[in-house]
Amino acid sequence: MDNKLLPLARSVSGAKGWDNVTRQIMLAGKTLSAPDSTNAIAHNEVAGCQSLVYLWASEASHKTACFQGWSDAKIIRGVLAVLLEKANALTYEQVLTFDFALYLDQIGLSRHLSQSRADGITQVISRLKTLAFTLQ
């Protein structure tokens, strides 16, 4: 399984100190665009998150998806950007088996998340896997 860090993940992983890590997370979040009215719908909302999180996918090519998402919370939006960067580099089957929690640990993000944020990210990962299963 490929745990190679991609650009957003590398920038967060390489940051030193809480302030710089937080800055890199928020910069990563700026790569995500707010959803339009067709995607900002209840069906795409991730349940179990304290903040508003939307996650959806469209088929990009055979066996790969284009996962997209957005959150109104800057920290969650940044973590979501890092997760989507990795998910979009994988096939549907790889998304189903990939250990996203381990990837976040490898980046060093897990230790910067409060319990409520970590719980929400667990729901995001679950939704990613559900979408991948549905589209495969």
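The preceding data block contains the structure.
What counts and what doesn't
- The written sequence of each chain sets the order in which its residues are numbered from 1.
- This being a predicted model, a pLDDT of at least 70 is required before a residue's local features are given, and a value of 80 or more before pairs of side-chain atoms are given or counted; all residues contribute to the totals for chains, interfaces and linings.
- Hydrogens and water molecules were not included; the side-chain quantities draw on all heavy atoms of the structure.
- With axes taken as lines fitted to C-alpha atoms, and helix axes fitted only over the stretch in contact, angles between N-to-C directions fall between 0 and 180 degrees.
- A run of H or I in DSSP counts as a helix once it spans at least four residues, and a run of E counts as a strand once it spans at least two, with each numbered from the N terminus.
- Comment on the angle field: the value is read as roughly parallel under 35 degrees, roughly antiparallel over 145, roughly perpendicular from 65 to 115, and oblique elsewhere.
- Here, two residues are considered to be in contact whenever any of their heavy atoms come within 4.5 Å of each other.
- Side-chain classes are defined by residue name, with Ala, Val, Leu, Ile, Met, Phe, Trp, Tyr, Cys and Pro counting as nonpolar, Asp, Glu, Lys and Arg as charged, and the others, Gly among them, as polar.
- Only Phe, Tyr and Trp rings are paired, with Trp represented by its six-membered ring, and only when their centres lie within 6.5 Å; those with planes under 30 degrees apart are stacked, over 60 edge-to-face, the remainder tilted.
- Burial classes: relative accessible area under 20% of the type maximum marks a residue as buried, over 50% as exposed, and values in between as partly exposed (1.4 Å probe, protein chains only).
- Residue types Ala, Val, Leu, Ile, Met, Phe, Trp, Tyr and Cys, when buried and joined through side-chain atoms within 4.5 Å, form a set referred to as a nonpolar core.

> Lay out the packing of helix α2 (residues 18-29) against helix α3 (residues 74-87) in plain terms, naming residues and giving numbers.
The relative placement of two packed helices is expressed as an angle between their axes plus a distance between the axes. Direction vectors running N to C along α2 and α3 enclose 70°, while the axes themselves pass 7 Å from each other. As the angle between them shows, α2 and α3 are arranged roughly perpendicular. Along its contact with α2, which presents T22, I25, M26, A28 and G29, the element α3 presents K74, I75, R77, G78, V79, A81 and V82. A class-by-class count of the residues in the contact of α2 with α3 yields seven nonpolar, three polar and two charged.

> Please provide a residue-by-residue account of the packing of aromatic side chains, values included.
Applying the stated rule across the entire model yields two aromatic pairs. Summarising the aromatic geometry, the rings of F98 and F100 are spaced 4.8 Å apart at their centres and angled 70° between planes, so their arrangement reads as edge-to-face. The exposure class assigned to F100 is buried, which follows from its relative accessible area of 1%.

> Hey, could you go over the nonpolar core for me, with residue numbers and the actual values?
Across soluble globular proteins, you tend to see nonpolar side chains buried next to one another. V82, L83, F100 and I107 are the most contacted members of the largest nonpolar core, which totals 43 residues. Contributions of two or more residues to this core are made by α1 (7-13), α2, β1 (53-61), β2 (64-71), α3, α4 (92-97), α5 (100-107) and α6 (115-135). The dominant element in this core, judged by the number of residues it contributes, is α3, at nine residues. For F100, the residues in contact, after removing those within four places along its chain, are L83, K86, A87, L90, V95, I125, L128 and K129.

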